[in-house]
Amino acid sequence: MNESKSAVFVGSANSVFVTRTRDALNERGFAVSVLDPSIAANFDGKDLRTKLRRMLERVKVMRRAIRSFPSNQTAIVHFLSFDAFWLIPMLAGHFDRVVGLAYGSDVLRRNRSFDPLMRFGLKRVEEIAATNHNVMDVLLADFPFLATRRPSILRFGLPVFDELLKIQQISTSQAKTSVGFDTERTLISLGYSASSGQRQLELIDFFASHPEIQDDRIFVVPVQYGSQSVIDSVIAKCEIVNRGIGENVFFPLTEFHDPERSALMRRATDILINHSVSDAFSGTVQEVVYAGNLVLAGSHLPYRDMPGFGSAIKPFGSFDDVANALSPESLSEWKSKAAEMAIANQAELHATSSWDAVIADWRRTIDPPAR
């Protein structure tokens, strides 16, 4: 193995993006390991003294963990938060290079009161990357000095694309059978992760209060990863609503899916509704479009220049728009338009978000050419 092609991902071992990207790169000849900074310290309490003790313990444990890795590697930080002020300098003092990778939520939904701490840490990165141009534009506007840190766009390859290509002959109905849902009912996914910003509870409340929209439909609420409090709230809400309806219409999805199972779920999903506060064109949204299905997305989301917008992706500004989009006449017209553009949408997404498309950027980030 070429040591210059090794890297350490600094991020949660429970993150789909971290672990799937690690696995995909390892399959392609890189040596990527994960350093998880979410180390719990056994200090209960929320007072300032306890918080400081907890922070000092994390710093001590992380210093020890960092030193256990060979230093001749690229460290790629998979999150940007106020922890940057102590973590990034510590990484920069050990590894050859440190790259900061900004996700949409890191930048678009961040608590700006922590910006001075983030700024202190970000000044130690050699390179800054973002998952798309919308995120990078905001990042450079708020931290102008990053323009000197070789800003780049670094997209995640989506292994679900490869799995979807393998099951092209499987119909939506067959996929529903495979994942255990009624083939006679339209399957609608409410969001894609357990985050309060996904506003899944609002969607459940809306559909629960409009029984006319429930006809011949079932609702899946994906909470396989994210906030435990959100997961618990979604499960409880679905139970209460189903009890009131008298049948199971809302299904919290808690089982983590590998790429093969995810591909079947994307094929089975007739419509994904994205009511998120912010989003940078998530992998789930792209996968649903790639599978030939539909996405109803909040009009405030930056999707207008994305593959599938205007055909598979339809914007909504209010819940009245949601109801109108799901009416039989509107839905039939929408499906026809999406079907006409399905091949073109898939080709465009493959050219931007498949591993074939992004592997060169990851190679350059991990093992840059000599300057």
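Up top you'll find the structure we're talking about.
Residues numbered from 1 in each chain as written. Predicted model: local features only at pLDDT ≥ 70, side-chain atom pairs only at ≥ 80, totals over all residues. Heavy atoms only, no water.

**Q** How do you make sense of the nonpolar core when you look at a structure like this?
**A** Nonpolar side chains in soluble globular proteins tend to be buried together. If you look at the biggest cluster of nonpolar residues, it comprises 60 residues, and the most contacted ones within it are Leu190, Phe207, Phe250, Ile271 and Ile273. Counting residues per element, this core draws most heavily on helix α11 (residues 228-245), which supplies five residues. Residues in contact with leucine 190, not counting those within four places in the same chain, are Gln200, Leu203, Ile204, Phe207, Phe219, Val220, Val221, Pro222, Phe250 and Ile273. With 34 residues, the next largest nonpolar core counts Leu87, Met90, Met118 and Leu122 among its residues. (Core = buried A, V, L, I, M, F, W, Y, C linked by side-chain atoms within 4.5 Å. Buried < 20%, exposed > 50% of the residue type's maximum accessible area, 1.4 Å probe, protein only. Helix = DSSP H or I, 4+ residues; strand = E, 2+ residues; numbered from the N terminus. Contact = heavy atoms within 4.5 Å.)

**Q** Where do I start with the sheet that holds strand β8 (residues 217-222) in this structure?
**A** Ordered in space as β9-β8-β7-β10-β11-β12, the six strands form an open sheet in which the pairing is parallel. Single-partner strands in this sheet number two, and they are β9 (250-253) and β12 (313-316). Taking the axes of each pair of neighbouring strands and ignoring which way they run, one obtains an average angle of 25° across the sheet. Both β8 and β9 contribute to a ladder of four bridges, which runs parallel. Paired with phenylalanine 219 across the two strands is phenylalanine 250, which belongs to β9. With respect to the sheet, α11 is in contact with β8 and β9, its orientation differing from that of β9 by roughly 160°. (Pairing = 2+ DSSP bridges. Axes fitted to C-alpha atoms, helices over the stretch in contact; angles between N-to-C directions.)

**Q** How should I be thinking about empty space enclosed by the protein in this particular structure?
**A** A probe as big as a water molecule, rolled over the atoms, marks out the empty space that is left. Within this structure, the stated rule accounts for two cavities of 30 Å³ or more. Roughly 400 Å³ of internal volume is contained in the largest cavity. Lining the largest cavity are 27 residues, and of these Arg20, Tyr225, Arg266, Thr284 and Glu287 sit closest to its centre. Elements with a contribution of two residues or more to the lining of the largest cavity: α1 (16-27), β8, α12 (259-268) and α13 (283-290). Looking at the lining of the largest cavity residue by residue, the class counts come to 14 nonpolar, 10 polar and three charged. Estimated volume of the second largest cavity: approximately 40 Å³. As for the second largest cavity, its lining consists of Ala297, Gly298, Ser299, Leu301, Tyr303, Arg304, Phe309 and Pro315. Grouping the amino acids of the lining of the second largest cavity by side-chain chemistry returns five nonpolar, two polar and one charged. (1 Å grid on protein atoms, 1.4 Å probe; cavity = no way out; pocket = protein on both sides within 12 Å on 5 of 7 lines; lining within 4 Å. Points joined across faces, edges and corners; volume = space filled by probe spheres on them. Nonpolar A, V, L, I, M, F, W, Y, C, P; charged D, E, K, R; others polar.)

**Q** Hey, could you run me through the packing of aromatic side chains in this one?
**A** We describe a pair of aromatic rings using the distance from one ring centre to the other and the angle between the two ring planes. Per the counting criterion, the structure on display carries 16 aromatic pairs. Where phenylalanine 143 meets phenylalanine 145, the ring centres are 6.4 Å apart and the plane angle is 80°; that geometry is what we call edge-to-face. Look at phenylalanine 143 and you get buried, because its relative accessible area is 0%. Look at tryptophan 355 and tryptophan 362: their rings are 6.4 Å apart centre to centre, the planes differ by 45°, and that puts the pair in the tilted class. Across the pair, exposure class does not vary: tryptophan 355 and tryptophan 362 are buried alike. Sitting above the plane of the phenylalanine 145 ring, lysine 123 keeps its charged end 5.6 Å from the centroid. (Phe/Tyr/Trp six-rings, centres within 6.5 Å; stacked < 30°, edge-to-face > 60°. Lys NZ or Arg CZ within 6 Å of the ring centre and 35° of its normal.)

**Q** What am I meant to see in the packing of α1 against helix α16 (residues 355-366) here?
**A** For any two helices packed against each other, one specifies the crossing angle of their axes together with the interaxial distance. For the pair α1 and α16, interaxial distance at closest approach is 12 Å and the crossing angle is 90°. Viewed along their axes, α1 and α16 adopt a mutual orientation that is roughly perpendicular. Packed against α1, whose contacting residues are Thr21, Ala24 and Leu25, the element α16 presents Trp355, Ile359, Trp362 and Ile366 at the interface. In terms of residue class, the contact of α1 with α16 is made up of six nonpolar, one polar and no charged. (Parallel < 35°, antiparallel > 145°, perpendicular 65-115°, else oblique.)

**Q** Any chance you could explain the environment of valine 10 here in plain terms?
**A** With respect to the element layout, valine 10 can be found in strand β1 (residues 6-10). The class for valine 10 is buried, based on a relative accessible area of 0%. On a C-alpha basis, the gap between valine 10 and tryptophan 355 in space is 21 Å, while along the polypeptide they are 345 residues apart. Filtering out sequence-adjacent residues up to four positions away, valine 10 remains in contact with Leu35, Pro37, Ala75, Ile76, Val77, His78, Phe79, Leu87 and Leu91.

**Q** I'm lost on the environment of serine 71 in this one. Help?
**A** Within the fold, serine 71 resides in the loop between α2 (48-67) and β3 (74-77). Of the residues examined, serine 71 reaches a relative accessible area of 33% and is grouped as partly exposed. Sequence separation between serine 71 and glutamine 198 is 127 residues; the distance between their C-alpha atoms is 39 Å. Beyond its immediate chain neighbours, meaning those up to four positions away, serine 71 contacts His94, Phe95 and Asp96.

**Q** Got a minute to help me understand unusual backbone geometry in this structure?
**A** One can expect most non-glycine residues to show negative phi and most peptide bonds to be in trans. Non-glycine residue arginine 150 carries a positive phi angle of around 50°. Turning to its location among the elements, arginine 150 is positioned in the loop between α6 (133-142) and β6 (152-153). Overall, the relative accessible area of 31% leaves arginine 150 in the partly exposed class. Located in the positive-phi region is arginine 199, a residue other than glycine, with phi close to 55°. Looking at the element boundaries, arginine 199 is found in the loop between β7 (186-190) and α9 (200-208). Overall, arginine 199 belongs to the partly exposed group, its relative accessible area being 24%.

**Q** Quick question: what am I supposed to make of the side chain of aspartate 115 here?
**A** Inspection of the secondary structure puts aspartate 115 in helix α5 (residues 115-122). For aspartate 115, a relative accessible area of 9% gives the class buried. Setting aside anything within four residues of it in sequence, one finds aspartate 115 in contact with Arg110 and Phe143.

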